[in-house]
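# Structure assessment
Single-letter residue listing:
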Amino acid sequence: MSASVEELKAIESPAVVDARGVSCPGPILAAKKQISGVVVGNVMEILATDSGTLKDIPAWCRKMGHDFLGSFEEAGAIHLFLRKAK
Amino acid sequence: MSKKTLIVFSGDYDRVMAAFIIANGAAAMDDEVTMFFTFWGLSALRKTDGAGAPSAVKSGLQKMFSGMLPKSPEKLNISRFNFGGLGRSMMKKVMKSQNVMSVSELIATAQEQGIKMIACTMSMDVLGISKEELIDGIEYAGVATYLGEADESNVNLFV
């Protein structure tokens, strides 16, 4: 986790996956489903409410070989960012 | 890509649910997953509410077993506080309000994700369950097939 909240918020038009209100394993299923539509090198943002995603999305990124950029919480939602690496 | 194998022996709703969450999670992490269903776990693969006419004639005892087993994944009992199905209904209500996927939704997702499901033919014979009574898209095999898959796997769970 390296990027600051300001840096994350400054990322322009990332692909957004809305997994709010979905419980485990919903968020990683949604991430897996939508990552295929993202161009390598581009950023994907995952919106979630399940607090487990704070650990799960970084773990998913490590396994899948994507770069996890960081997360922040705002207005009851968790925003998680990753860069598709392959 | 690595491989995961799970043996689903239990026919408890909560245990089967845990098995499918792990399996679906692994598949979402690009792992190849094989689930081997034996004994009570076979109930999870039954078509909804006893659909599918059995092809072979069942003996009296086989009829008794298959008749007493849960008729579909959503009819499985929870391992604690089931209270004749009342506890299960209450738990499902909470799960629904929390947007937790049901076992039948998890099974459908597992099939979409290409998770390999194998039904143990020996326990099917013992419990009087025929292929026609189980969902489509699954395989039928025995212990050697499972062991062959487990040999290539780096996580193996008995549920």
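Residues numbered from 1 in each chain as written. Chains lettered and ligands numbered in written order. Predicted model: local features only at pLDDT ≥ 70, side-chain atom pairs only at ≥ 80, totals over all residues.

### Some remarks on helix H4 (residues 103–112) of chain B
Residue and element names in this part refer to chain B. What counts here: To assign burial, the other C-beta atoms lying within 10 Å of each residue's own C-beta are counted, with C-beta atoms placed from the backbone; 20 or more indicates buried, 12 or fewer indicates exposed, and intermediate counts indicate partly exposed. Numbering of helices and strands runs from the N terminus; a helix is a DSSP stretch of H or I covering at least four residues, while a strand is a stretch of E covering at least two. As used here, the arc belongs to the directions running from the helix axis to the C-beta atoms.
What H4 keeps buried is the set Val103, Leu106, Ile107, Thr109 and Ala110. Seen end-on, H4 carries its buried residues on one side only, within an arc spanning 165°. Count one or two residues on from H4 and you reach Gly114, which has phi positive near 75°.

### Looking at the environment of Ala108 of chain B
As for its position among the elements, Ala108 of chain B is in helix H4. Separated by 43 residues in the primary sequence, Ala108 of chain B and Phe65 of chain B have C-alpha atoms spaced 26 Å apart.

### A word on the nonpolar core
To be explicit about the condition: Put simply, a nonpolar core is buried Ala, Val, Leu, Ile, Met, Phe, Trp, Tyr and Cys residues tied into one set by C-beta atoms within 7 Å. Whether two residues are in contact is decided by their C-beta atoms, placed from the backbone, lying within 7 Å.
Within the largest apolar cluster, 57 residues are counted, with the highest numbers of intra-cluster contacts made by Val8, Val16, Phe20, Ala23, Met35, Phe37 and Val103 of chain B. Setting aside anything within four residues of it in sequence, one finds Ala23 of chain B in contact with Leu6, Val33, Met35, Ala110 and Ile115 of chain B.

### What about the packing of helix H2 (residues 26–35) of chain A against helix H1 (residues 13–28) of chain B?
What counts here: All axes here are fitted lines through C-alpha atoms, helices being fitted over the stretch that makes contact, and every angle between N-to-C directions spans 0 to 180 degrees. In these notes the angle categories are as follows: under 35 degrees is roughly parallel, over 145 is roughly antiparallel, 65 to 115 is roughly perpendicular, and the rest is oblique. A clockwise turn of the near helix away from the far one marks a right-handed crossing, whereas an anticlockwise turn of less than a right angle marks a left-handed crossing. Think of it as three bins: nonpolar holds Ala, Val, Leu, Ile, Met, Phe, Trp, Tyr, Cys and Pro, charged holds Asp, Glu, Lys and Arg, and polar takes everything else, Gly as well.
Interhelical geometry of H2 of chain A versus H1 of chain B gives an angle of 30° and a closest axis separation of 9 Å. Taken together, H2 of chain A and H1 of chain B sit at an angle that is classed as roughly parallel. When the axes of H2 of chain A and H1 of chain B are compared, the crossing they make is left-handed. Here Ile28, Leu29 and Lys32 of chain A of H2 of chain A come into contact with H1 of chain B, specifically with Asn24, Gly25 and Ala28 of chain B. Here the residues of the contact of H2 of chain A with H1 of chain B are counted per class, giving three nonpolar, two polar and one charged.

### Quick look at the pairing of strand S4 (residues 77–83) of chain A
Residue and element names in this part refer to chain A. As a reminder of what qualifies: The rule for pairing is simple: two strands pair if DSSP sees at least two bridges between them.
Relative to S4, strand S2 (residues 43–48) runs antiparallel, the two sharing six bridges. By the bridge assignment for S4, Val43 is matched with Arg83. As consecutive antiparallel partners, strand S3 (residues 67–74) and S4 are separated by two residues, and within that stretch Ala75 has a phi angle of approximately 50°, a positive value.

Note that all results are geometric; they support no functional claim without further evidence.
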